[in-house]
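Remarks on the overall topology
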Amino acid sequence: MSSLNRRVHRTAASAVALVSCTAFTLTEAAATAGSTLMSAPLAPGLYQSAYSERNDVLWATSSVGQPPAPVTDSRLVRLDPDTLEVEATYPTPLDDGDGTIEAAYGIDVDDERNTVWVTNTRNDSIAVYSQKTGRHLATVPGVAHAREIVVDEKRDTVWATAFGTGSVVAFNTRTYEETRRVTVEGAGPTGLAVDERTGVVHATDFTHDRIIQITPGSSEPRLLPTGDGPLSIAVSANGRTAYTADQGAGGVSVVDLRKGAVVRSIATGEGAKSLAAVGRSARVLVVNRLAGSVSVVDTRSGAVKETIDTNALPNHVHMSDASTAYVLDKSGSGPKGEDHVTRIDVAR
């Protein structure tokens with residue numbers, strides 16, 4: 001979802017169970033070309049984050065337990081985006097069908113309705129929570145291996161990728177009812193982006209190295225080429241260009257959406273996994289998971305302007321505004337094995 005200027009005043013979080021980790025510690029460091037970093041241990045099993053402008057809160061998902069081992073704990077973590085201090089954590093419920101923990105992975109916020117939406121990847125469902133209280137409001141089944149989720153507030157719609165069935169699925173954010181399902185035979189949808197101006201949806205097909213483009217009112221999706229192993233996608237502010245983080249290629253592809261063609265491929269680092277567009281500029285941030293870094297890329301020139309070292313195994317990047325990014329890692333390098341959140345104030 002789009003974000004405006006962050007609010008200066010914040011409402012204090014309601015008293016709930018605090019995170020079960022070590023005392024809060026903070027480290028700061030300067031990156032090579034001017035961007036500054038602040039990093040803190042947060043929780044084990046971190047996956048993705050999303051920023052709420054309404055509440056000036058950063059939300060993160062954590063799920064502990066790598067397949068085939070069962071998930072032993074999963075939580076939504078609410079933290080202060082400026083200090084990175086944990087304000088509250090909310091445990092996810094048990095699955096009514098098999099009694100396993102509903103493990104949260106993907107995340108986005110709906111500030112209009114003051115809710116948080118997550119993907120329960122291993123439970124083949126999505127879920128919605130209250131931002132105000134952290135209360136679990138609903139679980140919606142039928143999204144096989146749900147991976148990413150994006151809210152389109154303008155259209156009261158939330159979209160999710162269902163990797164297990166090659167589908168991109170839409171739900172009404174008021175009623176939680178399914179409103180549309182687009183299935184591409186043999187596809188493996190992973191990353192997801194929505195152009196809120198037009199309602200056009202873009203999903204990466206990791207299996208076939210392409211983008212699935214879904215236009216409101218169209219009966220069939222449009223399939224566009226991209227790089228090797230696209231996991232994540234972002235769309236430019238004007239809606240004309242898509243960027244994909246290509247895990248196999250170790251870089252980012254720049255795709256002209258009008259022409260339906262890759263116009264530039266830019267190497268960033270091994271295991272490119274997640275990316276985010278930097279405001280209305282032509283820059284993107286790319287998380288290189290195996291290289292342990294984040295690349296600041298000028299997509300017009302094709303140049304990597306800055307390489308920022310992070311903790312090991314950075315997993316996801318999310319921008320709260322045009323200059324502030326949050327990276328979650330899976331380093332397990334905190335005092336009690338926590339993964340870290342790192343805030344990057346991107347050099348202009």
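Note that this is a predicted model, so its numbers are computed, not measured. (Residues numbered from 1 in each chain as written. Predicted model: local features only at pLDDT ≥ 70, side-chain atom pairs only at ≥ 80, totals over all residues. Heavy atoms only, no water.)

**A word on the overall build of the protein chain**
Rule in force here: Every helix listed is a DSSP run of H or I at least four residues long, and every strand listed is a run of E at least two residues long, numbered separately from the N terminus. When a residue's accessible area, from a 1.4 Å probe over protein chains only, is under 20% of the maximum for its type it is buried; when over 50% it is exposed; and in between it is partly exposed. Contacts are assigned to residue pairs that have any heavy atoms within 4.5 Å of one another. Residue exposure ignores everything except the shown protein chains as possible cover, and the areas themselves are Shrake-Rupley values with a 1.4 Å probe. Note on charges: Lys and Arg go in the positive column, Asp and Glu in the negative column, and His and the chain ends are not counted at all. Positions of charges follow a simple convention, taking NZ of Lys, CZ of Arg, CG of Asp or CD of Glu.
The helix and strand tally for the protein chain stands at zero helices and 29 strands. Dimensions of the protein chain, computed from C-alpha atoms along their principal axes, come out at roughly 50 × 50 × 40 Å. Burial status across the protein chain gives 58% buried among its 348 residues. Sequence separation of 24 or more characterises 45% of the internal contacts of the protein chain that already satisfy a separation of 6 or more. For the protein chain, the accessible area works out to roughly 13900 Å², and carbon and sulfur atoms hold 50% of it. Charge separation in the protein chain, taken as the distance between the mean sites of 33 positive and 41 negative side-chain charges, equals 6 Å.

**Some words on the sheet that holds strand S15 (residues 189–195)**
We apply this condition: One requirement defines pairing of two strands: DSSP has to find at least two bridges between them. Orientation is described by lines fitted to C-alpha atoms, with helices fitted over the stretch in contact, and by angles between N-to-C directions that extend from 0 to 180 degrees.
What the four strands build is an open sheet, ordered S15-S16-S17-S18; its pairing is antiparallel. On the outer flanks of this sheet lie S15 and strand S18 (222–225), each paired with one strand and no other. Adjacent strand axes in the sheet meet at a mean angle of 25°, parallel and antiparallel pairs treated alike. Here five bridges tie strand S16 (residues 200–205) to strand S17 (residues 210–214), and the two strands are oriented antiparallel to one another. Of the residues in S17, the one forming a bridge with alanine 203 is isoleucine 212.

**Here's the deal with the sheet that holds strand S20 (residues 241–246)**
Strand order in this open sheet of four strands is S19-S20-S21-S22, and the pairing throughout is antiparallel. This sheet does not close on itself; its edge strands, each paired only once, are strand S19 (230–235) and strand S22 (261–267). Neighbouring strand axes in the sheet, compared pairwise and without regard to direction, differ in orientation by 25° on average. With six bridges connecting them, S20 and strand S21 (residues 251–256) associate as antiparallel partners. When the bridges of S21 are listed, alanine 245 appears paired with valine 252.

**Re unusual backbone geometry**
At the junction of proline 67 and proline 68, the peptide bond is cis and its omega measures out at 5° in the coordinates. Within the element layout of this structure, proline 68 appears in the loop between strand S4 (57–64) and strand S5 (73–79). In this model, histidine 145 sits at a positive phi of 50°, which is unusual for a non-glycine residue. Looking at where histidine 145 falls in the secondary structure, it is placed in the loop between strand S10 (136–141) and strand S11 (146–152). A relative accessible area of 37% means that histidine 145 is categorised as partly exposed. The phi dihedral of aspartate 156 falls on the positive side, at around 50°, and the residue is not glycine. Inspection of the secondary structure puts aspartate 156 in the loop between S11 and strand S12 (157–162).

**Here we look at the pairing of S4**
Counting buried positions along S4 gives seven out of eight residues, so the element sits mostly inside the fold. In this structure, strand S3 (residues 46–52) lies alongside S4, joined through five bridges in antiparallel fashion. Each residue of the ladder has a partner; that of tyrosine 51, found in S4, is leucine 58. Taking the residues that link successive antiparallel strands as the turn, the S3-S4 hairpin has four residues, and the phi of aspartate 56 there is positive, at about 50°. As judged from the seven bridges shared by S4 and S5, these two strands associate in the antiparallel manner. Bridge assignment links threonine 61 to a residue of S5, and that residue is leucine 76.

**As for the packing of aromatic side chains**
One pair of aromatic rings is described through two measures. These are the centre distance and the angle between the planes. Defined as follows: Here a Phe, Tyr or Trp ring, Trp counted by its six-membered ring, pairs with any other such ring whose centre lies within 6.5 Å, and the pair is stacked when the planes are under 30 degrees apart, edge-to-face when over 60, and tilted otherwise.
A full pass over the atoms with the stated rule returns three aromatic pairs. When the ring of tyrosine 47 is compared with that of tyrosine 105, the centres are 4.5 Å apart and the planes differ by 80°; the resulting orientation is edge-to-face. Of this pair, tyrosine 47 sits in strand S3 while tyrosine 105 sits in the loop between strand S6 (86–91) and strand S7 (107–110); the two residues are 58 residues apart in sequence, bridging distant segments of the chain. Tyrosine 105 carries the same exposure label as tyrosine 47, and that label is buried.

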